[in-house]
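Single-letter residue listing:
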Amino acid sequence: MNYFQFYDIPVSFYPDEALLKKKFYALSKEYHPDFHVNESDEKQQEVLELSTLNNNAFKVLSNPVKRVEYILQLNDLIIDGEKHQLPQAFLMEMMEINELLMELEFDEDETKMAEIETQVKSIDEVLDIELKHHVKDFEELSENDKKNILLKIKDNYYKSKYLLRIKEKLYTFASRN
């Protein structure tokens, strides 16, 4: 059973957050282990598993990045160890930023650092806009159109993951100063 089924809500990139919380709290109460201490060991184990499932479901579905990854996994579009091929132009842009970051290791320059941060923020904003465009009205699409959009979302997801590594490097540089 997937998390959306567990909460009895449709698969959505933008689930109703109030409903999500309501389901989480109701199931938290229903499956709280303290309410089942007089049950059999098997029943207590089942309740504990359902409580864990509820916690994991809420963690994933309430986090937009984890939710995108989860929906892609549900559609067999993310596979452990997969080497997703990103567009060459994106990779070249990332290579240029990485080169600038390497230069900063040897020659700290606050102006260059600010320029890189601005460039990374701009790319991040474009990816965010692109993702919002792809997921808009996703639930109303035909199955074939959903598959095509999911492939675009997958590409966006991997670009964002790549950019996250660069943002982590930037944070490391910024924290050294």
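Each remark here, short or long, concerns the structure printed above.
The present account deals with the structure reproduced in this document. (Residues numbered from 1 in each chain as written. Predicted model: local features only at pLDDT ≥ 70, side-chain atom pairs only at ≥ 80, totals over all residues. Heavy atoms only, no water.)

1. Comments concerning the layout of surface pockets
Argument step 1. Estimates place the volume of the largest pocket at around 540 Å³.
Argument step 2. If you trace the largest pocket, you find 19 residues lining it, with Pro 64, Val 65, Asp 128, Leu 131 and Ser 160 closest to the centre.
Argument step 3. Those elements giving two or more residues to the lining of the largest pocket turn out to be helix 4 (64-74), helix 6 (110-135) and helix 7 (143-176).
Argument step 4. In terms of residue class, the lining of the largest pocket is made up of 10 nonpolar, two polar and seven charged.
Argument step 5. In this model, the second largest pocket occupies a volume close to 260 Å³. (1 Å grid on protein atoms, 1.4 Å probe; cavity = no way out; pocket = protein on both sides within 12 Å on 5 of 7 lines; lining within 4 Å. Points joined across faces, edges and corners; volume = space filled by probe spheres on them. Helix = DSSP H or I, 4+ residues; strand = E, 2+ residues; numbered from the N terminus. Nonpolar A, V, L, I, M, F, W, Y, C, P; charged D, E, K, R; others polar.)

2. Regarding the packing of helix 2 (residues 17-30) against helix 3 (residues 41-61)
Argument step 1. At a minimum axis distance of 10 Å, the contact between helix 2 and helix 3 shows a crossing angle of 165°. Taken together, the axes of helix 2 and helix 3 lie roughly antiparallel to each other. The handedness of the crossing between helix 2 and helix 3 is left-handed. Here Leu 20, Lys 21, Phe 24, Leu 27 and Ser 28 of helix 2 lie close against helix 3, whose contacting residues are Asn 54, Asn 55, Phe 58 and Leu 61. (Axes fitted to C-alpha atoms, helices over the stretch in contact; angles between N-to-C directions. Parallel < 35°, antiparallel > 145°, perpendicular 65-115°, else oblique. Left-handed = near helix turned anticlockwise from the far one by under 90°. Contact = heavy atoms within 4.5 Å.)

3. Some thoughts on unusual backbone geometry
Argument step 1. Not every positive phi belongs to a glycine, and Asp 76 is a case in point at roughly 55°.
Argument step 2. Tracing the backbone through its elements, the reader meets Asp 76 in the loop between helix 4 and helix 5 (88-106).
Argument step 3. We note that Asp 137 has phi near 60°; this positive angle belongs to a residue other than glycine.
Argument step 4. Along the chain, the position of Asp 137 falls in the loop between helix 6 and helix 7.
Argument step 5. By relative accessible area, Asp 137 is classed as partly exposed at 44%. (Buried < 20%, exposed > 50% of the residue type's maximum accessible area, 1.4 Å probe, protein only.)

4. Some words on the pattern of salt bridges
Argument step 1. Counting across every chain of the model gives seven salt bridges.
Argument step 2. The residue Lys 154 makes a salt bridge to Glu 82 at a minimum N-O spacing of 2.6 Å. Residue Lys 154 is found in helix 7, and its partner Glu 82 is found in the loop between helix 4 and helix 5; the two are separated by 72 residues along the sequence.
Argument step 3. In this structure, Asp 124 engages Lys 167 in a salt bridge whose closest nitrogen and oxygen atoms are separated by 2.9 Å. Remark: Lys 167 occurs in helix 7 and Asp 124 occurs in helix 6; sequence separation between them is 43 residues. (Salt bridge = Lys/Arg side-chain N within 4 Å of Asp/Glu carboxyl O.)

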